[in-house]
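# Examining the three-dimensional arrangement
Below, each chain spelled out in residue letters.
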Amino acid sequence: MNFSVLTIFPEMVDPFLEYGIIRRAVEQQQISVSSINIRDYAEGRHRVTDDKPYGGGCGMVMKPEPLAGAITHAQKQNPDAATVLLTPQGKPFNQDLARELSARSGAILVCGRYEGVDERVCHSLIDTEISIGDYVLTGGELAAMVIIDAVTRLIPGTLGGEDSAEKESFENGLLEHAHFTRPQTFNGQDVPEVLLSGNHGKIDSWRLESSLMRTLLKRPDLLAAKALSSREKEILKKWGRRIKEITHG
Ligand code: ADE
């Protein structure tokens, strides 16, 4: 998958490509990431990329011409890519959106700065707007890196174990089960006995139960939105009965 990051700070993106799974994905050519400097498409000696807003007010707006030049160049290089503007006004980014993007051949990630981007660029050249959360960053670069990270690890072969992306949080509408590694006892706390048993059926049941209980406690909103299987309902009912027993004495 080919990512193009359109930014006035391309140096921000380069170090991110040098670590861990992202580095390996680049080395193994599962992804390519090219930073395009929007300033290279600006005119004049000072290559200005921002200007005062029409109508007055504080802050600056990204000029349309340099952005349009950079976007058009990226779209020519990568005609099937989705062109995404990173903005706090965009669609909230989540695992479903990451999965949708991972099925595309590429993504052109347009990083706004200042107060925002000239509206006419959004209308004519952007396919979709994405936000990584309800807070305002100083620019879209961190958001672009979040998206590259989350999308890359969904591309088959980028993670070590082939099925590791399927079993984790959000992939089935639940948070992932608890994890343990050696030593068997740490700070007086033991690893659950069942995980040492070698009985894979029992381990799977324990993990499903752990996953359901963690989701109930930490993200009940996810549980409420999920279509539960009869097995999952049974586990939750069992815990409900157990809680009733404790609270009713
Ligand atoms: N740019 C500034 N804030 C942002 C956010 N929350 N998500 C995506 N891009 C942004």
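Just so you know, these numbers come straight off a predicted model, no measurement behind them.

### Re the pattern of salt bridges
Side chains that carry opposite charge are capable of pairing whenever their charged atoms lie near each other. In total, this model carries ten salt bridges according to the counting rule given. Among the salt bridges present, the one from E141 reaches R113, with a minimum N-O distance of 2.9 Å. Of this pair, E141 sits in helix α5 (residues 141-152) while R113 sits in the loop between β6 (106-111) and α4 (119-125); the two residues are 28 residues apart in sequence, bridging distant segments of the chain. With respect to burial, E141 and R113 carry one shared label: buried.

### Some points on the site of the ligand
Lining the immediate environment of the ligand, one finds L86, T87, P88, I130, S131, I132, G133, Y135, V136, L137, G139 and A143. Per-element accounting of the shell around the ligand gives the leading share, three residues, to strand β5 (residues 82-92). Grouping the amino acids of the shell around the ligand by side-chain chemistry returns eight nonpolar, four polar and no charged.

### Focus: helix α6 (residues 200-218)
Taking 1.5 Å of rise per residue, the 19 residues of α6 would be expected to cover 27 Å, and the 26 Å separating its terminal C-alpha atoms lies within 8% of that figure. By the burial criterion, the buried members of α6 are I203, L208, E209, S210, S211, L212, M213 and T215. In this fold, the buried residues of α6 make contact with α7 (220-225) and α8 (230-248). Two or three places before G201, at the opening of α6, N199 has a side-chain oxygen 3.2 Å from that residue's backbone nitrogen.

### Quick word on the packing of α6 against α8
In the contact formed by α6 and α8, the axes pass within 10 Å of each other and the chain directions differ by 70°. Classified by the interaxial angle, the pair formed by α6 and α8 is roughly perpendicular. Two packed elements cross with a definite hand, and for α6 against α8 that hand is right-handed. Contacts from S205, L208, E209, L212 and M213 in α6 reach R231, E232, I235, L236, K238 and W239 in α8.

### Concerning the packing of aromatic side chains
Any pair of aromatic rings gets described here by the distance separating the centres and the angle formed by the planes. In this structure the tally under the stated criterion is one aromatic pair. Where F180 meets W206, the ring centres are 6.3 Å apart and the plane angle is 55°; that geometry is what we call tilted. A residue pair is termed long-range when its members are at least 10 positions apart, and F180 in the loop between α5 and β8 (185-186) and W206 in helix α6 qualify at 26 residues. Assessed through its relative accessible area of 43%, F180 is described here as partly exposed. Classification of W206 by relative accessible area gives partly exposed; the value is 22%.

### Side note on the side chain of T83
Within the secondary structure layout, T83 lies in strand β5. Judged by relative accessible area, which is 1%, T83 ranks as buried. Looking at T83, its side chain comes within polar contact range of the side chain of Q75, at 2.8 Å. Aside from chain neighbours lying at most four places away, what touches T83 is I71, Q75, I108, V110, L125, I126, D127 and T128.

### Details of the nonpolar core
Counting 32 residues, the largest nonpolar core has F3, L86, F93 and L109 as the members making the most contacts within it. Counting only elements with at least two residues in this core, the list comes to β1 (2-7), α1 (20-27), β5, α3 (95-102), β6 and α5. The biggest single contributor to this core is α5, with seven residues. Sequence-distant contacts of F3, defined by excluding residues within four places in its chain, comprise I31, S32, V33, S34, A107, L109, I148, V151 and T152. Formed by 18 residues, the second largest nonpolar core is a distinct cluster that contains M62, I71, A81 and I126.

### Observations concerning the sheet that holds strand β7 (residues 128-131)
Taken together, five strands build an open sheet; the order of strands is β2-β1-β6-β5-β7 and the sheet is parallel. Lying at the two open borders of the sheet, with one neighbouring strand each, are β2 (32-37) and β7. Strand after strand, the sheet turns through a mean of 30° between neighbouring axes, direction not considered. One ladder, built from five bridges, connects β5 with β6; its direction is parallel. In the strand pairing of β6, T83 is matched with I108. Taken strand by strand, α5 contacts β1, β2, β5, β6 and β7, and its axis lies near 175° from that of β1.

Thresholds applied
- Residue numbers run consecutively from 1 along every chain, following the written order of its sequence.
- Since the coordinates come from a predicted model, pLDDT governs what is reported: local features require at least 70, and pairs of side-chain atoms require 80 or more to be given and counted, while whole-chain, interface and lining totals use all residues.
- Neither water nor hydrogens contribute to the side-chain values; these are computed over all heavy atoms in the structure.
- Salt bridges, as used here, are contacts in which a Lys or Arg side-chain nitrogen is within 4 Å of a carboxyl oxygen on Asp or Glu.
- Under the scheme used here, helices are H or I runs from DSSP no shorter than 4 residues and strands are E runs no shorter than 2 residues, and both carry numbers assigned from the N terminus.
- Here's how the labels work: a residue is buried when its accessible area is under 20% of the maximum for its type, exposed when over 50%, partly exposed in between, all with a 1.4 Å probe on protein chains only.
- We call a residue near a molecule or strand whenever a single non-hydrogen atom of that residue lies within 4 Å of it.
- For this scheme, ten residues count as nonpolar: Ala, Val, Leu, Ile, Met, Phe, Trp, Tyr, Cys and Pro. Four count as charged, namely Asp, Glu, Lys and Arg, and the remainder, Gly too, count as polar.
- The span one expects for a helix is its residue count, reduced by one, times 1.5 Å.
- Residue contacts are counted whenever heavy atoms from the two residues lie within 4.5 Å of one another.
- Whenever two N or O atoms come within 3.5 Å, that pair is a polar contact, provided that in protein one can donate a hydrogen and the other can accept it, and provided that, for residues adjacent in sequence, both atoms are side-chain atoms.
- As a rule, the C-alpha atoms of each element are fitted with a line to give its axis, helices using only the stretch in contact, and angles between N-to-C directions run from 0 to 180 degrees.
- For classification purposes, an angle smaller than 35 degrees is called roughly parallel, one larger than 145 roughly antiparallel, one from 65 to 115 roughly perpendicular, and anything else oblique.
- Whether a crossing is left-handed or right-handed is set by the direction in which the near helix is turned from the far one by less than a right angle, anticlockwise for left-handed and clockwise for right-handed.
- Centres within 6.5 Å make a pair out of two Phe, Tyr or Trp rings, where for Trp the six-membered ring is used; the pair is then stacked when the planes are under 30 degrees apart, edge-to-face when over 60, and tilted otherwise.
- Nine residue types can take part in a nonpolar core, namely buried Ala, Val, Leu, Ile, Met, Phe, Trp, Tyr and Cys, and a core is a set of them joined through side-chain atoms within 4.5 Å.
- Two strands make a pair as long as DSSP finds a minimum of two bridges between them.

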